[in-house]
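The lines below spell out each chain.
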Amino acid sequence: MESSPRISEHSGSGDGEDLAYDVFARGCPSRGTLEHVTGRWGSLTLGALHDGTFRFNELRRRVDGVSEKMLSQTLQALERDGLVHRDARPTNPPRVDYTLTPLGREVAERLLALIGFVESRMDDVLAARGRYDETREARQGA
């Protein structure tokens, strides 16, 4: 039986206000949104849209490596979650623009802070990977 969203025992913002959802609970709908936001294409799409309004192909070029199908699925999921606004104009040919909603902008700003942190610490990450790989190779060779 799936659990329903419950009031969390922890505070998310530090201001004493309890969260209405618990992402650690199997049935919590916040899990799906977290997956959309933190998945590779979701986070890159939100980050790219932070720079402004993009048409589909502009966004696809900006998010290097994403397929047309994955970008389409990602945009639909983010639109459904209220993070992206799709503006389809009845022109010939049709024009569709994508932009962040206010909620999407807030999420993107937090993601960009994390992205900036990760980028600034990549030397440490690469050094840790090298140590890990050396240790693993040494164990396998023994």
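Each value, and the rule that gives it
- Residues numbered from 1 in each chain as written.
- Predicted model: local features only at pLDDT ≥ 70, side-chain atom pairs only at ≥ 80, totals over all residues.
- Heavy atoms only, no water.
- Axes fitted to C-alpha atoms, helices over the stretch in contact; angles between N-to-C directions.
- Helix = DSSP H or I, 4+ residues; strand = E, 2+ residues; numbered from the N terminus.
- Parallel < 35°, antiparallel > 145°, perpendicular 65-115°, else oblique.
- Contact = heavy atoms within 4.5 Å.
- Nonpolar A, V, L, I, M, F, W, Y, C, P; charged D, E, K, R; others polar.
- Pairing = 2+ DSSP bridges.
- Core = buried A, V, L, I, M, F, W, Y, C linked by side-chain atoms within 4.5 Å.
- Buried < 20%, exposed > 50% of the residue type's maximum accessible area, 1.4 Å probe, protein only.
- pLDDT = per-residue confidence, 0-100.
- Expected span 1.5 Å × (residues − 1).
- Arc of directions from axis to C-beta.
- Salt bridge = Lys/Arg side-chain N within 4 Å of Asp/Glu carboxyl O.

**Observations regarding the packing of helix α2 (residues 40-49) against helix α5 (residues 102-120)**
- As a packed pair, α2 and α5 sit with axes 9 Å apart at the nearest point and diverge in direction by 105 degrees. Viewed along their axes, α2 and α5 adopt a mutual orientation that is roughly perpendicular. Counted together, Ser 43, Leu 46, Gly 47 and Leu 49 of α2 and Arg 105, Val 107, Ala 108, Leu 111 and Leu 112 of α5 form the full contact between these two elements.
- A per-class count over the contact of α2 with α5 returns six nonpolar, two polar and one charged.

**Side note on the sheet that holds strand β3 (residues 95-100)**
- The sheet built from three strands is open, its strands ordered β1-β3-β2 with antiparallel pairing. The sheet terminates laterally at β1 (54-55) and β2 (84-89), the two strands that pair on one side only.
- With six bridges connecting them, β2 and β3 associate as antiparallel partners. Residue Ala 88 lies in a different strand from β3, and its bridge partner there is Val 96.

**Digging into the nonpolar core**
- Counting residues in each nonpolar core, the largest one holds 21 residues, and the members touching the most others are Leu 46, Leu 49, Leu 59, Leu 75, Val 84 and Tyr 98.
- For this core, the secondary-structure elements that each account for two or more residues are α2, α3 (56-62), α4 (68-80), β3 and α5.
- Ranked by residue count, the leading element in this core is α2, at four residues.
- Residues contacting Leu 49, with those up to four places away along its chain left out, are Phe 54, Leu 59, Leu 75, Val 84, Tyr 98, Thr 99, Leu 100 and Arg 105.

**Brief notes about the confidence of the model for the chain**
- Averaged over all residues, the pLDDT of the chain is 89; the fraction at 70 or higher stands at 87%.
- Segment residues 1-14 is flagged for pLDDT under 50; beyond a separation of four residues in sequence, or across chains, it makes 24 contacts in the model.

**What to know about α4**
- End to end, α4 covers 18 Å across 13 residues, agreeing with the expected 18 Å (1.5 Å per residue, within 8%).
- Buried within α4 are the following residues: Leu 71, Thr 74, Leu 75, Ala 77 and Leu 78. Considered in projection along α4, the buried side chains sweep an arc of 165 degrees and stay on one side of the axis. Exposed side of α4, more than 90 degrees from the buried face: Lys 69, Gln 76 and Arg 80 are the residues found there.
- Where α4 terminates, the next one or two residues include Gly 82, which has phi positive at roughly 80 degrees.

**A few points about the pattern of salt bridges**
- Tallied over the full model, the rule gives seven salt bridges.
- Between Arg 60 and Glu 68 there is a salt bridge, and its shortest N-O distance comes to 3.7 Å.
- Of the charged contacts, one joins Glu 106 and Arg 110 as a salt bridge, the two residues approaching to 3.3 Å between their closest N and O atoms. One end of the pair is Glu 106 and the other is Arg 110, both in helix α5 and four residues apart, which spans about a single turn.
- Here Glu 106 falls in the partly exposed class, since its relative accessible area comes to 40%.
- Its relative accessible area of 60% is what places Arg 110 among the exposed residues.
- One salt-bridge network, held together by shared partners, links Asp 87, Arg 89, Arg 95 and Asp 97.

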